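Per-entry structural report
Given next are the chains, with one letter for each unit.
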Amino acid sequence: QVTLRAGAELNAHQVNQYTLILRAACPGEDEVEGRLFVRVTTGQVLRCDTPFASTEGDVVQVLADVAPRTPLYTVLPQLLGGLTVMLQGFPSPSSLQFRLRNHNTPLTLTRWGVVLAPDNGFDPSKDTQTFRLEIEVRDRHGHNCSGAVRVEVLPSRRPRVSFPEPHRAVMVTEGIGPREVVTQVHARGDNVRYAILAPVAPVLFTIDEVTGEIRSTRRLEVIRAQLLIRAYNALHPDDHATATVNVTVQGTDRQAPRCVPAIFVSQVSETMSPGSTLMTLTCTDSTGTDGCLHYALEGPPSSCSHFCMEGPQLKVNTTLDYDSEAMAALGFQFTATIVVTVGGQPLQSTRVPVLVTVTPVNEFRPACPPGATFTVPETAAFGSVVGHVAGTDRDYPLDSLEYSMEGGSGPAQPFSIDRHTGEIRVVGPLDSQQQKSYRLVVRLTDTHNDLDLRKRQSRLCDVSVRLQAVRDQLPVCIPEVQELWITAGSPGSRQPVTRLVCHSSTDSAVLTYAIVEGNEDGRFRLEGNTLVYLPNDRAEPRTFVLLVEVWGGSGARRRSSMVGLAVHVTPWRTPVPPSTTTRHTTLRKEPLVVVQTETVWHPPAWFVAVLTISGALLLVTLGCLARNLL
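This is a predicted model, so every value here is computed, not measured.

Rules used throughout
Residues numbered from 1 in each chain as written. Predicted model: local features only at pLDDT ≥ 70, side-chain atom pairs only at ≥ 80, totals over all residues. Heavy atoms only, no water. Pairing = 2+ DSSP bridges. Helix = DSSP H or I, 4+ residues; strand = E, 2+ residues; numbered from the N terminus. Axes fitted to C-alpha atoms, helices over the stretch in contact; angles between N-to-C directions. Salt bridge = Lys/Arg side-chain N within 4 Å of Asp/Glu carboxyl O. Buried < 20%, exposed > 50% of the residue type's maximum accessible area, 1.4 Å probe, protein only. Lys, Arg positive; Asp, Glu negative; His and termini not counted. Polar contact = N/O pair within 3.5 Å; in protein donor to acceptor, adjacent residues only side chain to side chain. Contact = heavy atoms within 4.5 Å. Disulfide = S-S within 2.5 Å. Core = buried A, V, L, I, M, F, W, Y, C linked by side-chain atoms within 4.5 Å. Patch = residues over 30% accessible without salt bridge, like charges linked within 9 Å, V, L, I, M, F, W, Y side chains within 5 Å. Areas by Shrake-Rupley, 256 points an atom, 1.4 Å probe, with all protein chains shown as cover. pLDDT = per-residue confidence, 0-100.

**Quick notes on the sheet that holds strand 11 (residues 144-154)**
As summarised here, the arrangement of the four strands in space is 4-11-10-7, forming an open sheet in which the pairing is mixed. Only two strands of the sheet have a single neighbouring strand rather than two, namely strand 4 (58-63) and strand 7 (97-100). Averaged over all pairs of adjacent strands, the angle between strand axes in this sheet comes to 30°, irrespective of strand direction. As paired strands, strand 7 and strand 10 (residues 129-138) are joined by four bridges and run antiparallel to one another. Residue pairing in the sheet places Gln97 in a bridge with Arg138 of strand 10.

**Points about the pattern of salt bridges**
Applying the stated rule across the entire model yields 20 salt bridges. Arg23 serves as the salt-bridge partner of Glu33, at 3.1 Å between the closest nitrogen and oxygen. Of this pair, Glu33 sits in strand 2 (residues 32-39) while Arg23 is found in strand 1 (residues 17-24), placing the two residues ten residues apart along the sequence. For the pair shown, Glu33 and Arg23 are each scored as exposed. Across the salt bridge formed by Glu402 and Arg456, the nearest N and O atoms sit 3.2 Å from each other.

**Details of the side chain of Asp58**
Residue position: Asp58 is located in strand 4. At 8.2 Å, Arg150 is the nearest oppositely charged side chain to Asp58, a buried residue that forms no salt bridge. Within the structure, the side chain of Asp58 is placed 3.2 Å from the side chain of Tyr73, a separation counted as a polar contact.

**Some details on the side chain of Thr357**
You can see Thr357 is positioned in strand 27 (residues 345-359). Taking the relative accessible area as the measure of exposure, Thr357 reaches 17% and is therefore buried. Of the polar contacts made by the side chain of Thr357, one reaches the side chain of Gln333; its length is 3.4 Å. Those residues within four positions of Thr357 in sequence are excluded, and the remaining contacts are Ser266, Gln267, Val268, Phe332 and Gln333.

**Examining the state of the cysteines**
Taken as a whole and assessed by the stated rule, the structure comprises three disulfides. Through a disulfide, Cys259 is tied to Cys283; the S-S separation comes to 2.1 Å. Since a negative S-S torsion denotes a left-handed disulfide, the Cys259-Cys283 link at about 115° is right-handed. Placement of the pair is Cys259 in strand 19 (residues 258-260) and Cys283 in strand 22 (residues 282-284), with a sequence separation of 24 residues. Overall, Cys259 belongs to the buried group, its relative accessible area being 12%. Take Cys283: its relative accessible area is 2%, and that puts it in the buried class. The disulfide that involves Cys477 links it to Cys502, with 2.0 Å between the sulfurs. Taking the torsion about the S-S bond as the criterion, the Cys477 to Cys502 disulfide, at about 110°, is right-handed.

**Some thoughts on the nonpolar core**
The biggest cluster of nonpolar side chains holds 30 residues, and the ones touching the most others in it are Leu278, Leu281, Phe307, Leu314, Ile338 and Val340. In terms of nonpolar packing, the next biggest core, distinct from the first, is built from 25 residues, Leu46, Leu109, Val115 and Val151 among them.

**Thoughts on a nonpolar patch on the surface**
On the surface, a cluster of nonpolar side chains totalling about 630 Å² of accessible area is made up of Val2, Leu4, Leu10, Val15, Tyr18, Leu22, Leu36 and Val38. The topology assignment puts Leu36 in strand 2. Assessed through its relative accessible area of 32%, Leu36 is described here as partly exposed.

**Side note on the confidence of the model for the protein chain**
In this model, the protein chain carries a mean pLDDT of 83, and residues with pLDDT of at least 70 account for 88%. This model gives residues 77-92 a pLDDT under 50, and the stretch forms 44 contacts once residues within four places in sequence are excluded. A low-confidence stretch, residues 578-589 stays under pLDDT 50, and its non-local contacts, those more than four residues away or across chains, total eight contacts.

**Concerning the pairing of strand 34 (residues 458-468)**
Here strand 28 (residues 373-377) runs beside strand 34; their pairing, made up of five bridges, is parallel. Of the residues in strand 34, the one forming a bridge with Thr373 is Ser464. Pairing analysis gives nine bridges linking strand 33 (residues 437-446) to strand 34, with the strands arranged antiparallel. Following the sheet pairing, Arg443 is matched in strand 34 by Leu460.

Right under this line is the structure:
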């Protein structure tokens with residue numbers, strides 16, 4: 001039995017014949033093969049489009065505020081932008097029948113295949129709503145196809161009608177004539193219209209349905225009236241809100257209200273949350289009541305934006321952020337004035353000055369700098385700058401920090417840090433052969449970030465200092481050998497002989513000098529790089545051969561050079577020989593410098609071995625050649 005695969009669609013205009021190759025075999029027999037030709041002919045077929053006929057169905061999204069019985073979806077052959085039913089072989093959709101399989105939906109399907117919104121519209125107070133319609137399409141020949149449409153109802157994007165001030169008290173003086181504006185109400189929303197719901201009688205006031213202005217209908221006398229005002233959307237009357245307006249008509253002999261306190265000065269912390277009450281004014285008018293008083297806040301925009309009045313209460317409106325340049329520009333103070341009026345009349349008002357100072361709160365911990373790694377040469381001198389630890393703190397004043405090093409300075413940690421700048425300096429010897437890097441723990445502590453100076457926060461930061469190895473070179477002295485002649489002075493005196501001129505590979509290295517040989521009887525000593533002779537009472541001339549060691553660095557890194565000094569000392573008192581010629585010996589002002597350079601070549605061992613073997617082979621070759629010739 002050969003059947004058509006489920007979901008397959010045949011189209012004679014695309015493929016009008018299929019060739020099927022069938023193979024069959026019985027046990028113990030050879031396999032046989034046959035062919036089946038299936039020809040597809042054109043005919044009247046009712047076919048639904050893929051989105052409509054799919055399992056999920058087509059999707060339509062509408063807003064919840066659409067009008068009742070609004071067309072949401074149409075099943076038509078030529079409808080663009082929506083789900084279509086493709087009809088092949090039918091000239092007109094008038095012969096189609098549309099039937100709704102499921103009836104648990106408020107939506108309506110017309111006989112023309114149009115899906116309509118509910119008769120009462122959608123509920124705008126709900127979140128996203130979803131309705132699924134399963135529709136069957138049938139023609140007059142009995143052909144049919146079916147599909148589904150899913151209608152997603154999204155929340156309305158238009159603002160709801162609301163009163164920002166649902167309760168208002170208005171006080172006017174008697175004598176106001178007809179059609180004069182008493183007050184005006186305002187509601188948020190689209191297409192807002194206004195109406196007075198109560199009182200119905202007597203009609204003392206009217207309201208403009210567009211502007212919300214409330215006007216008197218006649219000359220007003222001393223009276224109190226409560227008006228119930230409705231604001232609604234003209235296109236959607238179900239969207240509405242109400243407000244209450246208390247109108248008091250008073251006589252003209254009123255006095256300004258009296259308020260306690262008469263001036264308000266306070267300090268508040270920057271962490272005070274919006275909505276907190278700073279103070280409550282107690283005001284009374286000349287009648288001893290406060291029901292007709294109106295409170296308003298006046299002052300700079302910065303003050304009016306951070307504070308607000310709710311009746312007689314002064315409240316925080318927004319966050320009081322101390323840690324900003326804008327707050328610092330204001331001096332961390334806000335000034336304003338609370339104006340209290342009787343019935344909104346400016347001539348009958350009282351002004352209460354307000355001064356609010358914002359105090360800091362230490363809210364944030366200091367932050368470590370990213371990647372605090374420094375490199376310093378191992379020959380860095382004492383006091384050399386290694387780097388700068390730039391910590392941060394979001395509390396005002398910004399980055400007000402103190403720096404300290406855990407464990408202090410010592411042989412194991414030859415560094416120090418400046419308390420105020422965070423600058424790290426070298427305070428001890430460095431040797432990359434003994435230790436290649438140091439891990440320093442720096443504590444950041446904030447300062448002056450809270451009204452209570454004891455409330456401080458800190459953070460430990462890891463700082464890595466790597467030592468850069470410097471190639472060692474021997475100190476160089478010019479000249480390396482000196483021959484000097486001096487005449488000894490009086491015993492007990494101190495006589496400079498010469499000054500050694502030596503330098504190292506790094507200008508910052510300090511050289512050390514010491515006499516290692518030839519200083520018999522301790523007649524010579526070194527004061528820095530100056531050789532000093534200490535005369536005695538010996539009368540014979542004498543020559544001293546001194547060997548001076550010069551080195552830089554310390555410990556395992558000590559590398560030195562040698563300087564040879566030949567000092568000929570003539571005693572200060574010499575016996576006069578029996579001769580008519582007198583010899584005078586004086587100390588030369590400039591020492592005689594004798595420089596002897598020897599050029600020596602020290603070949604490597606492998607070169608000597610190769611040369612020896614080559615010479616031996618040459619001799620053997622010459623011997624063999626002579627033997628053959630002879």
